[in-house]
Amino acid sequence: MKLSVIVPVYNTEQYLRQCIDSIICQTYKNIEIILVDDGSDDGSGKICDEYAQRFDNIKVVHKRNNGVIAAKQSGVRKAEGEYVGFVDSDDWISEDMYEILIRAAEKEKIDIVSMNGYVICEKTKQYPKEDATMTGTYTDSGSRDALYSKMIYDENMGTRGITPSLGNKIIRKRIFERVVEGTEEGITLGEDAALFYPCCLMAESIKILRGCKYYYRIREESMCHLQGTENFNKIYIFYEYLKRKFQNSDDQYGLVQQLRKYLWYFLSGQMEEIYELEIKKTYLFPYQSVQRGSCIILYGAGRVGKSYYEQIIKSGYCDIAAWVDRRGNIENRRILAPSKIAEFEYSQIVVAVKELNYAMEIISELLELGVEKEKILWTEPLDMALV
């Protein structure tokens, strides 16, 4: 099965060879590489031509600078593969990334396969960015409905259901080319999200894998570009575009509402940076239902759970015997799997999630684990924005 890997290139002479080499060295060999030089004025274009002369499976497109979306449109038009993948020209990938993604797609005939990556900040250490909460396989209408209802923003976890970055994915070409050709080139912030989430709505099957194989390089100049009032207009253009795209599906999946919630957290960070404010959203711990000085187990490590945890630690109101979550040990070794509950003594288990349906799932799980119903507490979290 042929894979077309598209690399939009703009003034990344310093990093470009590492990027291209990491694709050439993939263990999966049925790959064509399409380098789209988006009007670079450094030596990037010459490096692209040099690699095309050396390797038969590399194509180069030179075009005037018109942005990332236009570059991806040009690349897809040249692509011959059944699937397309993307690597930013200042990033790189593990040698087996495409082997893993393609094998998963072949095994179950999946339209979109995604995984996670590492963030590499200049002058700091690398760290894994496993912010996708919807790990699993979604091949029927019921499972896809569940995915769509949380793919942009997972209320319970306070983060994205699926990270929209295109770098750690493969997408069936016929789906991507239909989406990219109708995408507005004027979007200059959130380009990957503007492309990826509409692709999900067109897909009949999606698989989200655990593990990190993509390396995102966060450059100092890139961070500076995200800090400024001009970005509010870019966010508005991005929001209005996706809102129009989601109109047909919003009643069923709440996509526009998910988008608004996600953008609020992004904008909060911008406000903190520009106006030197510290904006926090917190959920009030249910003090009235928990006895002072008692010993509890906290279930939930999303936004609600983290908020409860911080309040307990700061106030000393009660003791925490254990902090558990279905994703135990993934982000924090202090957070355990629910199966460990039986090892602890406690007076209550406080379920720290926002949605009633999710809380009921957890309560059923706890009952199956032998927890007494009287010891399980869930109340609808009361949220407050603090400045």
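Up top is the structure.
Residues numbered from 1 in each chain as written. Predicted model: local features only at pLDDT ≥ 70, side-chain atom pairs only at ≥ 80, totals over all residues. Heavy atoms only, no water.

Chemist: Honestly, the overall build of the protein chain in this entry has me stumped. Any pointers?
Modeler: The secondary structure content of the protein chain amounts to 13 helices and 17 strands. Contacts spanning at least 24 positions in sequence make up 78% of the contacts within the protein chain whose residues lie at least 6 apart. For the protein chain, the exposed area adds up to about 18,300 Å²; of that, 48% sits on carbon and sulfur atoms. (Helix = DSSP H or I, 4+ residues; strand = E, 2+ residues; numbered from the N terminus. Contact = heavy atoms within 4.5 Å. Areas by Shrake-Rupley, 256 points an atom, 1.4 Å probe, with all protein chains shown as cover.)

Chemist: When you look at the layout of surface pockets in this model, what are you seeing that I'm missing?
Modeler: Where empty space is left in the structure can be found by rolling a water-sized probe over the atoms. Approximately 400 Å³ is the volume found for the second largest pocket. What lines the second largest pocket is a set of 17 residues, and nearest its centre among them are Thr-133, Met-134, Lys-150, Arg-326 and Tyr-358. Here the element with the most residues in the lining of the second largest pocket is helix H13 (residues 356–368); it accounts for three residues. Residue classes in the lining of the second largest pocket are distributed as four nonpolar, five polar and eight charged. (1 Å grid on protein atoms, 1.4 Å probe; cavity = no way out; pocket = protein on both sides within 12 Å on 5 of 7 lines; lining within 4 Å. Points joined across faces, edges and corners; volume = space filled by probe spheres on them. Nonpolar A, V, L, I, M, F, W, Y, C, P; charged D, E, K, R; others polar.)

Chemist: What's the story with the sheet that holds strand E16 (residues 376–377) in this structure? I'm lost.
Modeler: Strand pairing in a sheet relies on backbone hydrogen bonds. The paired strands run either parallel or antiparallel. Across the sheet, five strands lie side by side as E14-E13-E12-E15-E16; this open sheet has parallel pairing. Of all the strands in the sheet, the pair left with one neighbour each is strand E14 (335–336) and E16. For strand E15 (residues 348–351) and E16, the ladder comprises two bridges, and the chain directions are parallel. Among the inter-strand pairings, Val-350 is bridged to a residue of E16, identified as Leu-377. Each of strand E12 (295–299), strand E13 (319–324) and E15 is contacted by helix H12 (residues 303–315), which is oriented at about 160° to E13, the strand it contacts most. Sheet strands touched by H13: E12, E15 and E16. Its angle to E15, the strand with the most contacts, is close to 155°. (Pairing = 2+ DSSP bridges. Axes fitted to C-alpha atoms, helices over the stretch in contact; angles between N-to-C directions.)

Chemist: Looking at this model, I keep getting lost on the pairing of strand E2 (residues 31–38). Mind explaining?
Modeler: It is a general feature of regular strands that their side chains alternate between the two faces of the sheet. Burial of E2 is extensive: eight of the eight residues sit out of reach of the surface. A two-sided burial pattern is seen for E2, the buried positions comprising Ile-31, Ile-33, Leu-35 and Asp-37 on one face and Glu-32, Ile-34, Val-36 and Asp-38 on the other. Both strand E1 (residues 3–9) and E2 contribute to a ladder of seven bridges, which runs parallel. When the bridges of E2 are listed, Val-7 appears paired with Leu-35. Here E2 runs beside strand E3 (residues 58–63); their pairing, made up of six bridges, is parallel. Among the inter-strand pairings, Asp-38 is bridged to a residue of E3, identified as Lys-63. Of the crossover connections in this fold, the one passing from E2 over helix H2 (residues 44–54) to the parallel E3 is right-handed. (Buried < 20%, exposed > 50% of the residue type's maximum accessible area, 1.4 Å probe, protein only. Right-handed = clockwise from strand over helix to strand, strands pointing away.)

Chemist: Can you help me understand the pattern of salt bridges in this one?
Modeler: Once the charged atoms of two side chains with opposite charge are near each other, the side chains can pair. Counted under the stated rule, the structure contains 20 salt bridges. The residue Asp-38 makes a salt bridge to Lys-63 at a minimum N-O spacing of 3.0 Å. Residue Asp-38 is located in strand E2, and its partner Lys-63 is located in strand E3; the two are separated by 25 residues in the primary sequence. Using a relative accessible area of 5% as the deciding quantity, one classes Asp-38 as buried. A salt bridge links Arg-326 to Glu-361; its shortest N-O distance comes to 3.5 Å. One end of the pair, Arg-326, is in the loop between E13 and E14; the other, Glu-361, is in helix H13, and 35 residues separate them in sequence. Salt bridges sharing partners connect three or more residues here, namely Lys-2, Glu-32, Lys-59 and Glu-80. (Salt bridge = Lys/Arg side-chain N within 4 Å of Asp/Glu carboxyl O.)

Chemist: What is the right way to read empty space enclosed by the protein from this model?
Modeler: For the structure on display, the rule yields two cavities of 30 Å³ or more. One number sums up the size of the second largest cavity: a volume of about 30 Å³.

Chemist: Even after reading the chapter, I still don't get the nonpolar core, so can you show me in this structure?
Modeler: A general tendency of soluble globular proteins is for nonpolar side chains to be buried together. Core analysis: the largest hydrophobic core is formed by 48 residues, its most contacted members being Ile-171 and Phe-176. If we ignore the near neighbours within four places in the chain, the residues touching Phe-176 are Val-76, Val-84, Phe-86, Leu-166, Ile-171, Leu-195 and Cys-199. (Core = buried A, V, L, I, M, F, W, Y, C linked by side-chain atoms within 4.5 Å.)

It is worth stressing that arrangement in space is one thing and function is another; only the former is reported here.
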